[in-house]
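# Residue-level structure breakdown
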Amino acid sequence: MERTQVGIIGAGPAGLLLSHLLALAGIESVVVELRSRQHCEQRQRAGLLEAGTVATLRDAGLAKRLDVEGIEHGGIYLQYAGERHHLDFRDLVDRTVTIYAQTEIVKDLIAARLAAGQRIDFSITDTSVSDVDSSRPVLRYVDEAGAARAVECDVIAGCDGFHGISRAAVPDVVAYERAYPFSWLGIIADVAPSTDELIYAHHPDGFALHSVRTPHVSRLYLQVPAGEAIGSWSDERIWENLQKRFALPGWTLREGPIREKAITPMRSFVSTPMRYGRLFLAGDAAHIVPPTGAKGLNLAVSDVALLAPALVAWLRDGDPSLADTYPERALRRVWRATHFSWWMTQMLHAVPGDAFNTQLQLSQLRYVTASRPAAVTLAENYTGSAPA
Ligand code: APR
Ligand code: PHB
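Residues numbered from 1 in each chain as written. Chains lettered and ligands numbered in written order. Predicted model: local features only at pLDDT ≥ 70, side-chain atom pairs only at ≥ 80, totals over all residues. Heavy atoms only, no water.

## Description of the site of ligand 2
- Every residue lining ligand 2 is accounted for by A46, G47, W184, L198, Y200, L209, S211, R213, Y221, P291, T292 and A294.
- Separating an oxygen atom of ligand 2 from a side-chain N or O atom of Y221 is a distance of 2.6 Å.
- Within the contact set of ligand 2, an oxygen atom lies 3.0 Å away from a backbone nitrogen or oxygen of P291.
- When the free accessible area of ligand 2 is taken as 280 Å², the share hidden by the protein chains comes to 99%.
- The element contributing the most residues to the shell around ligand 2 is strand β16 (residues 208-214), with three residues.
- Looking at side-chain class alone, the shell around ligand 2 contains eight nonpolar, three polar and one charged residues. (Near = heavy atom within 4 Å. Polar contact = N/O pair within 3.5 Å; in protein donor to acceptor, adjacent residues only side chain to side chain. Areas by Shrake-Rupley, 256 points an atom, 1.4 Å probe, with all protein chains shown as cover. Helix = DSSP H or I, 4+ residues; strand = E, 2+ residues; numbered from the N terminus. Nonpolar A, V, L, I, M, F, W, Y, C, P; charged D, E, K, R; others polar.)

Here it is, written out as structure tokens:
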């Protein structure tokens, strides 16, 4: 039997950042990951960081590339009824957000962990945890070479995303869930963004979002019905729909080759408690938000920013009090982000046949763009400065 202080399941942003923060405080960990390194580094995910997320990465010495390549945005555009309105976050809440793709953060984290001599076991199978209610929980898996491994830990961190195994090891779970009748079709296109800041567009045909990745790469999304197959969306059909939903006199949406396209279902999901015995959950393993509020990655980072010092205080200094209150403190932020993501989602997505809903959405959008207090409410939630 091998031994470590913290066994970490999952090499996404949550697991990798946790390992890094623990190492900075002298706590050792083992990270195990189902997928290959290449797969983890290439998966296209979110890309919008709250200032607090940037600060966490910077304080951990992880922002060398982020500080050069990240693109700071001081607001967003909300488009509806043929008008485009700007919300100025600097003016409203003195905050900004930063565009830097999750996949780049994962690359930076993996590089940093390996440079520090950390072992990350990629391409493993058969992950399981046992004895999490004892003082010696065990993490088991089969490594890439096919060897069965068992690691005795002080603590196990389930950072294995929504489809992981950790959550199932928590008994008596109470889960809260909302499914939405639509999905997002996301593309990455090799074309300079047609906008300086993100455009969230309400349209009778469905929501659309223009995001950016780099000065030469655009990220765009279209609302499509839940269960839609990507095969029925040719590149031509995608651009045609994007053109229609973003259309504004005097403004042009530039088109370019589509490098990737995929459809992601949308749901809100919160699983409680986030701890059982010596098993702690963080990130998507415990909660999922629809992407409209751009909170998924930021929540994974804010969970870990609470969990790492809690584990350090317990394992290094013998003080379990922060670990005891971790679930409660993390869930307050989780629920704030869950509410905000749900609110943005229901304000912006078309519900076919529900004309009453459309009128409520338009009224809400007019209010948010005309009332400073309403705009501040959106801005402090979007930028992550809302008290939880
Ligand atoms: N054993 C080991 N690893 C596993 C297992 C398993 N049984 N199951 C899943 N994993 C791995 C996945 O392959 C993935 O690399 O756990 C990792 C979880 O990473 P993420 O899904 O990125 O979750 P998290 O680190 O919490 O980050 C949340 O990711 O999904 C986005 O929008 C979400 O931006 C948010 C962020
Ligand atoms: C993204 O850039 O991928 C992105 C940005 C904002 C969102 C969702 C996704 O609300």
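Moving on from the coordinates now.
## Thoughts on the packing of helix α9 (residues 321-348) against helix α11 (residues 372-383)
- Remark: α9 packs on α11, axes separated minimally by 10 Å, with the N-to-C direction vectors making an angle of 125°. Between α9 and α11, the angle falls in the class oblique. Crossing hand, α9 versus α11: left-handed. For the pair α9 and α11, the contacting residues are R336, F340, W343, M344 and M347 in the first and L378, N381 and Y382 in the second.
- Across the contact of α9 with α11, the residue classes tally to six nonpolar, one polar and one charged. (Axes fitted to C-alpha atoms, helices over the stretch in contact; angles between N-to-C directions. Parallel < 35°, antiparallel > 145°, perpendicular 65-115°, else oblique. Left-handed = near helix turned anticlockwise from the far one by under 90°. Contact = heavy atoms within 4.5 Å.)

## Some words on the sheet that holds strand β7 (residues 83-88)
- Overall, mixed pairing links the eight strands, which are arranged β7-β6-β15-β16-β17-β14-β18-β21 in an open sheet. Of all strands in the sheet, those bounded by a partner on one side alone are β7 and β21 (287-288).
- Bridge analysis of strand β6 (residues 75-80) against strand β15 (residues 199-201) gives three bridges, and the strand direction is parallel. Bridging across to β15, Q79 finds its partner in A201.
- Across the face of the sheet, helix α7 (residues 235-246) comes into contact with β6, β7, β14 (174-189), β15, β16, β17 (217-225) and β18 (258-272) while running at roughly 90° to β17.
- The sheet strands contacting α9 are β6, β14, β15, β18 and β21, and the helix crosses β18 at an angle near 125°. (Pairing = 2+ DSSP bridges.)

## As for the packing of aromatic side chains
- In total, this model carries 13 aromatic pairs according to the counting rule given.
- A ring pair is formed by Y180 and F182, whose centres lie 6.0 Å apart and whose planes are at 25°; its orientation type is stacked.
- In this structure Y180 comes out as buried when scored by relative accessible area, which is 11%.
- Ring centres of F340 and Y382 lie 6.4 Å apart, and the angle between their planes is 85°; on these two criteria the pair is classed as edge-to-face. Of this pair, F340 sits in helix α9 while Y382 sits in helix α11, placing them 42 residues apart in sequence. Grouping residues by exposure puts F340 and Y382 together as buried.
- The residue whose ring lies beneath R84 is W251, and the NZ or CZ to ring-centre distance is 4.1 Å.
- A cation over an aromatic ring shows up here: R237 above the ring of W233, its NZ or CZ 3.7 Å from the ring centre. (Phe/Tyr/Trp six-rings, centres within 6.5 Å; stacked < 30°, edge-to-face > 60°. Buried < 20%, exposed > 50% of the residue type's maximum accessible area, 1.4 Å probe, protein only. Lys NZ or Arg CZ within 6 Å of the ring centre and 35° of its normal.)

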